Amino acid sequence: MTTASFAIPSTLARWLDQRRQMFIGGHMVDAAGGEQLDVFNPADASQLARVPLGNADDIDLAVTAARTAFKTWRHSRPNRREKLLLDLADALEARADEFALLETLDNGKPLTFSRHMDLALAIDFLRYTAGWATKIEGRSMTPSMPAVPDGHRLVAYTRREPVGVVGAIIPWNFPLLMAVWKVAPALAAGCCIVLKPAEDTPLSALMLAELADQVGFPPGTLNVVTGLGHDAGAALAAHPGINKIAFTGSTQVGKLIAKAAVENMTRTTLELGGKSPVMVLRDANLEAAAAGAAQAIFFNQGQVCTAGSRIYVHEDVHDRFVEHLVKQAKALTLAPGTEADSTLGPLVSAKQQRRVLAYIDSARQQGGVIATGGGTGPDGGYFVEPTVITGLAQESRCVQEEIFGPVVVVQTFRDLDELVALANDSPYGLAASLWSNDLTAVNRLIPEIEAGSVWVNGHNLLDPCMPFGGFKQSGIGREMGDSLVTHYTEEKSVVMLV
Ligand code: ADP
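All values derive from a computational prediction rather than experimental measurement.

A.B. asks: I would appreciate a short explanation of the site of the ligand in the present structure.
C.D. replies: Lining the immediate environment of the ligand, one finds 18 residues, of which Ile170, Trp172, Lys196, Glu199 and Ser250 sit closest. Between an oxygen atom of the ligand and a main-chain N or O atom of Ile170, the distance comes to 2.7 Å. Here Gly229 contributes a backbone N or O atom positioned 3.3 Å from an oxygen atom of the ligand. Within the complex, the protein chains bury 81% of what would otherwise be the 550 Å² of accessible surface of the ligand. According to the grid-proximity analysis, the pocket containing the ligand is the largest pocket. Residue assignment for the shell around the ligand shows that the elements contributing at least two residues are helix H8 (229-238), strand E12 (244-248) and helix H9 (251-262). Top element by residues in the shell around the ligand is H8. It accounts for 4 residues. Partitioned by chemical class, the residues of the shell around the ligand number 10 nonpolar, 6 polar and 2 charged.

Spelled out as structure tokens, the structure:
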């Protein structure tokens, strides 16, 4: 099988050619309705595979399978859960090249990024999270209740118990990594999970489910249902058999999910959109800051919730900074992700390409100057050039709205108060980066910035040990770090009169 000029290795080609099925209760199954969904390669718009078009009936089956598995999995030995997650990490590592290629074919991203970012991060995250399975603890307390009969005492402690069956709905920008971000904490905490991958990129989640089965996760602990958001996704969010929804995606869809979930008091963690500011102070090393800012926006074609899509640079150094940034943008190679020199692949879909190009048009109409980029790329794929825009007002659409593409707006500021006001003038609050070695300025700014993550002299400095999530409309709750304990378990107070 070939796509464009690239020959897919035979094992993966066979996997893609086979009738793909979903994974429910330890079995590969077709959608209840028998329908299928086409999956495309965004580099050339060719059909890559077909997956089942699951709907509410399939979600129901998967939730039932997960509920059944939960009865025993919740009592499984923590070190068994740890070992299984470590085995899954090893199995993923052994097949990392194949998974990376699948991710590139499905999502478009350059292969070197799939292999050295997506796969490497997913494997690391699995290993980090595996360790938590054996470290979930309660606390013991000494109550002061007056009504304890003479000669008696109180024993009081808390238990952390798995929250139950988790419904996970994930986006298409890091398909495997996002799957692992949900699957690993759920399984480590003793929860079972029903995962609905994004309709544009369902393939690596299906392959992950096969691997989980092979390493020995019991049937029903991990279930994957492929299907559309407004159908299978909505059914999962509203299902009364789900105890927690873990969602990553747009703020708009996050609000729908939260509304559906609240009907059943389903716990939710929502990791939503962003419009992260990159703040370049006057003292910054401009060349390094421009290189970092380019990476902050162009990595993964800008399809990153933490993308540094607004740059605020001190007015005295604006022009020099823009020159460096434009140079960085021009140095990128727009090509299918399977080509060795590709550093910027296609966007995930024709719809996303149209959306991003419409934003660039809006910038032109609102008085923006396109310093570089603005166009599309190699024929046949959904490419958008790395684009730098200057001269826009703070209220323009490209400054206020999440674009989710390789498009950045550069603006100026005069002093730190103005910088704080501009950076915080956004409905979002996911992340921010500061570029400066002025300790006083940096430490004054950090507490003022409304963002769940603040990075200094770097961007996207994410690590499994650091909590990740949003202020404001960027979400509710945190992922990574100890958030598995807070968000995948319930706390039970136990008091005994002895
Ligand atoms: P993006 O804008 O990045 O495509 P979305 O928020 O639209 O992100 O999609 C993220 C995930 O949410 C996908 O798996 C998609 O299928 C799912 N989704 C979309 N609409 C809904 C919905 N109404 N209810 C539940 N899930 C949805």
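Still more to cover.
A.B. asks: Could you clarify how one ought to interpret the packing of aromatic side chains in this entry?
C.D. replies: Aromatic ring pairs are defined here through the distance separating the ring centres and the angle between the ring planes. Here the structure, examined in full by the defined rule, presents 6 aromatic pairs. Seen in terms of ring centroids, Phe125 and Trp181 are 6.2 Å apart; in terms of plane orientation they differ by 45 degrees. Their pairing is tilted. Of this pair, Phe125 sits in helix H5 (residues 111-132) while Trp181 sits in helix H6 (residues 175-188), and the two are 56 residues apart along the sequence. Across this residue pair, the class does not change: Phe125 and Trp181 are buried. A ring pair is formed by Trp181 and Phe468, whose centres lie 5.6 Å apart and whose planes are at 70 degrees; its orientation type is edge-to-face. Here the residue Trp181 occupies a position in helix H6, and Phe468 occupies one in the loop between strand E21 (453-456) and strand E22 (471-472), the gap between them amounting to 287 residues. Overall, Phe468 belongs to the buried group, its relative accessible area being 2%. Members of the aromatic cluster, joined through ring pairs, are Phe113, Phe174 and Phe299. Above the plane of the ring of Trp15 lies Arg20, whose end atom (NZ or CZ) is 3.8 Å from the centre. Across the ring face of Tyr488, the terminal group of Lys244 is positioned such that the distance to the ring centre comes to 4.6 Å.

A.B. asks: Would you explain the pairing of strand E17 (residues 387-390) in this entry?
C.D. replies: Taken residue by residue, a regular strand's side chains alternate between the two faces of the sheet. Residues Thr387 and Ile389 point to one face of E17 and Val388 and Thr390 to the other, with burial holding for every one of them. Strand direction decides the pairing type here: strand E16 (residues 369-372) and E17, joined by 3 bridges, are antiparallel. Residue pairing in the sheet places Thr372 in a bridge with Val388 of E17.

Procedures and definitions
- Residues numbered from 1 in each chain as written.
- Predicted model: local features only at pLDDT ≥ 70, side-chain atom pairs only at ≥ 80, totals over all residues.
- Heavy atoms only, no water.
- Near = heavy atom within 4 Å.
- Polar contact = N/O pair within 3.5 Å; in protein donor to acceptor, adjacent residues only side chain to side chain.
- Areas by Shrake-Rupley, 256 points an atom, 1.4 Å probe, with all protein chains shown as cover.
- 1 Å grid on protein atoms, 1.4 Å probe; cavity = no way out; pocket = protein on both sides within 12 Å on 5 of 7 lines; lining within 4 Å.
- Sits in = over half its atoms within 2 Å of the grid points.
- Helix = DSSP H or I, 4+ residues; strand = E, 2+ residues; numbered from the N terminus.
- Nonpolar A, V, L, I, M, F, W, Y, C, P; charged D, E, K, R; others polar.
- Phe/Tyr/Trp six-rings, centres within 6.5 Å; stacked < 30°, edge-to-face > 60°.
- Buried < 20%, exposed > 50% of the residue type's maximum accessible area, 1.4 Å probe, protein only.
- Lys NZ or Arg CZ within 6 Å of the ring centre and 35° of its normal.
- Pairing = 2+ DSSP bridges.

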